[in-house]
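Overview (structure and organization)
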Amino acid sequence: MSKRKHKHKNKGRLLPFIKLHRWSGLVSLILVIILSITGILLNHTHELQLKNHYIKNTLLLNWYGIRLPEQQTFFKLGAYNLVQVGHKVYLDNKLLASDALTLIGGIEMEDYLFIALENAALLLTLDGELIEKLTPDQDLPVPITSVYKSHSQDNSAIVIQSHNKYFISDDDYLTWTNIKPDNLKPVTIKRLKRLSETEKEPYYQLWLDNKLSLETVVLDLHSGRILGQFGVFIMDLAASFLLVLSISGFWIWFKRSRKRIRHRL
Amino acid sequence: MKNILRFFITGALFVLISSYAKGVYQSNSDFIDEVFHDPTIKPQMLWLTGDVKAGAVKILGEKPRQLRVRYWQKQQKTAWILEAIGKSKPITVGLVIDAGKLQRVKVLAFRETRGWEVKEDFFLDQFSQRTLTPELQLDKSIDGITGATLSVRALKKLSRLALFYHQQALFKEH
């Protein structure tokens, strides 16, 4: 048998492996690139601080089903914007609470700002610094259903309504005493001015800004979960192709090198 | 097979103990009633400004989250209910100080899944009679608990903080 024919025969035997190797490589090319890049990124997630970078892209946020919550309240409290989006309450850009139920209202007193939530109350300086978060543990009557500013008594007195009862604070907002509403004349609800649509816009972004971390997206790209169960299947397939690539590659190399050695002998 | 069974039983017990250990053990008002036996006692407040704030920052390693803290006092005895983050959730602790010495430390609420051992008496008894050095440290070291490092650290900080606040509250009074 001529040398040329022998070579052709060998190639013919290896051809299915070469084809398998080539197609496995081509099919898994993009997925392997994604797997490798995301794998490297995840290996250095701490150094790259992926956890602290947040996705702002609306399309991606929508893809993850992250949408603005229905609970939204926008008030003007003195010079401040008092805003609730979901369980978060902001005074201008400052996050005051992230576990708030309904925002009931706010009152600007002579020295303080008093913000009533359904399950707590926040006492702040006029500069917006938190003096104390008043909670049911500190005998604050909850749920707060309304908040009033008392004009008939001391100017700094706040009255809250809970379970159809009225409670007045002491001067320091440390204790609450049950009173009859008749004693409060006149009692007025502080009506707060609403924010305009343009003023509301930054708060939507503020709420969305730290919802989806870059780490989550990279992790989901790596596992394929970004496309749901289908994506996981695709990534499993890519991993299988990698396995085929390495096995077929090794087999081709092994067969060729064996022939080469035999030839030399 | 036996080992696998043992592994699962240990795991289940751990989860059960962790979830059982989590929770509110005593309300703030019950704690104050138990300490003073006086239903008429009213809270007072200590403003965290100036030197008080500086001391609190030194102990906590960060700015206190609130500008004032409430306490209850009868003669030389004060009671404080303070919170500190263990790993990610706050631990609520009641502390009683009499004449500059820690008399009692009690975990009132524990919300984390690990480190709940800090609520046990064998650990809390170490705080009894501890005082504060001029460097705002406890006068005697406190033994830690393996697996509860962060909770132990939080309790040590709170005890130093309460002793410091006690000094400031009595100083304010005079």
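Residues numbered from 1 in each chain as written. Chains lettered and ligands numbered in written order. Predicted model: local features only at pLDDT ≥ 70, side-chain atom pairs only at ≥ 80, totals over all residues. Heavy atoms only, no water.

**Things to note about the environment of Leu82 of chain B**
All names here are of chain B. For Leu82, the location among the structural elements is in strand S4 (residues 77-85). We classify Leu82 as buried; its relative accessible area is 6%. As a C-alpha pair, Leu82 and Val93 span 11 residues in sequence and 5.5 Å in three-dimensional space. When sequence neighbours within four positions are dropped, the list of residues in contact with Leu82 reads Val69, Ile91, Thr92, Val93, Leu95, Leu158, Leu161, Ala162 and Tyr165. (Helix = DSSP H or I, 4+ residues; strand = E, 2+ residues; numbered from the N terminus. Buried < 20%, exposed > 50% of the residue type's maximum accessible area, 1.4 Å probe, protein only. Contact = heavy atoms within 4.5 Å.)

**Points about helix H5 (residues 214-223) of chain A**
When we look at burial in H5 of chain A, the residues that qualify are Glu215, Val217, Val218 and Asp220 of chain A. One or two residues past the end of H5 of chain A sits Gly224 of chain A, with phi positive at roughly 90°.

**Some details on the confidence of the model for chain A**
For residues with low pLDDT, the predicted coordinates do not support detailed interpretation. In this model, chain A carries an average pLDDT of 81, and 88% of its residues clear a pLDDT of 70 or more. A low-confidence stretch, residues 185-190 of chain A (pLDDT under 50), is modelled with 12 contacts involving residues beyond four sequence positions or located in other chains. (pLDDT = per-residue confidence, 0-100.)

**Things to note about the sheet that holds strand S8 (residues 130-134) of chain A**
Residue and element names in this part refer to chain A. Taken in spatial order, the 4 strands make up an open sheet running S5-S6-S7-S8, and their pairing is antiparallel. Looking at the sheet topology across the chains shown, the edges are occupied by strand S5 (103-108) and S8. Between one strand axis and the next, the sheet turns by 15° as a mean value, whatever way the strands run. (Pairing = 2+ DSSP bridges. Axes fitted to C-alpha atoms, helices over the stretch in contact; angles between N-to-C directions.)

**Some details on the interface of chain A and chain B**
Contacts between the two partners involve 16 residues from chain A, matched on the other side by 14 residues from chain B. At the boundary of chain A with chain B, total buried surface from both sides reaches about 1300 Å², with 50% on carbon and sulfur atoms. When the area that chain A buries against chain B is broken down by residue, the three leading residues are Ile131, Asp137 and Leu174 of chain A, summing to 39%. On inspection of chain A and its partner chain B, the count reaches 3 salt bridges. With a closest N to O distance of 2.6 Å, Glu132 of chain A and Arg68 of chain B form a salt bridge. Where chain A touches chain B, the interface holds 8 residue pairs in polar contact (both at pLDDT 80 or more). Counting only elements with at least two residues in the side of chain A that touches chain B, the list comes to strand S7 (121-125) and S8 of chain A. (Buried area = accessible area lost by both parts, 1.4 Å probe. Salt bridge = Lys/Arg side-chain N within 4 Å of Asp/Glu carboxyl O. Polar contact = N/O pair within 3.5 Å; in protein donor to acceptor, adjacent residues only side chain to side chain.)

**Points about the layout of surface pockets**
Roughly 1400 Å³ of internal volume is contained in the largest pocket. Lining the largest pocket are 43 residues, with Leu130 and Lys133 of chain A together with Arg65, Gln66 and Glu83 of chain B sitting closest to its centre. Top element by residues in the lining of the largest pocket is helix H5 (residues 149-173) of chain B. It accounts for 7 residues. (1 Å grid on protein atoms, 1.4 Å probe; cavity = no way out; pocket = protein on both sides within 12 Å on 5 of 7 lines; lining within 4 Å. Points joined across faces, edges and corners; volume = space filled by probe spheres on them.)

**Notes on the pairing of S7 of chain A**
For a regular strand, side chains alternate in direction, first toward one face of the sheet and then toward the other. Residues and elements named next belong to chain A. In terms of burial, S7 is largely enclosed, as 5 of its 5 residues are buried. Taking every second residue as pointing to the same face, both faces of S7 are buried, with Ala121, Leu123 and Thr125 on one and Leu122 and Leu124 on the other. Note that strand S6 (residues 112-117) and S7 share 5 bridges and pair antiparallel. Looking at S7, one finds that Tyr112 is bridged to Thr125. Pairing of S7 with S8, which is carried by 4 bridges, proceeds in the antiparallel orientation. Note on S8: the bridge partner recorded for Ala121 is Leu134. Connecting S7 to the next strand, S8, in antiparallel fashion are 4 residues, including Gly128 with a positive phi near 90°.

**A few points about the side chain of Gln138 of chain A**
Along the chain, Gln138 of chain A turns up in the loop between S8 and strand S9 (146-150). Only 3.4 Å separates the side chain of Gln138 of chain A from the side chain of Glu132 of chain A, close enough to count as a polar contact. Ignoring any residue separated from it by four or fewer positions in sequence, one finds Gln138 of chain A in contact with Glu132, Lys133 and Leu174 of chain A together with Arg70 of chain B.

**Description of the pattern of salt bridges**
Taken as a whole, this structure holds 10 salt bridges over all chains when the rule is applied. Residue Glu132 of chain A is joined to Arg70 of chain B by a salt bridge in which the shortest nitrogen-to-oxygen separation is 2.8 Å. Placement of Glu132 of chain A in strand S8 and of Arg70 of chain B in strand S3 (residues 68-74) is noted, with the two residues assigned to different chains. By relative accessible area, which is 1% here, Glu132 of chain A ends up buried. With a relative accessible area of 6%, Arg70 of chain B lands in the buried category.

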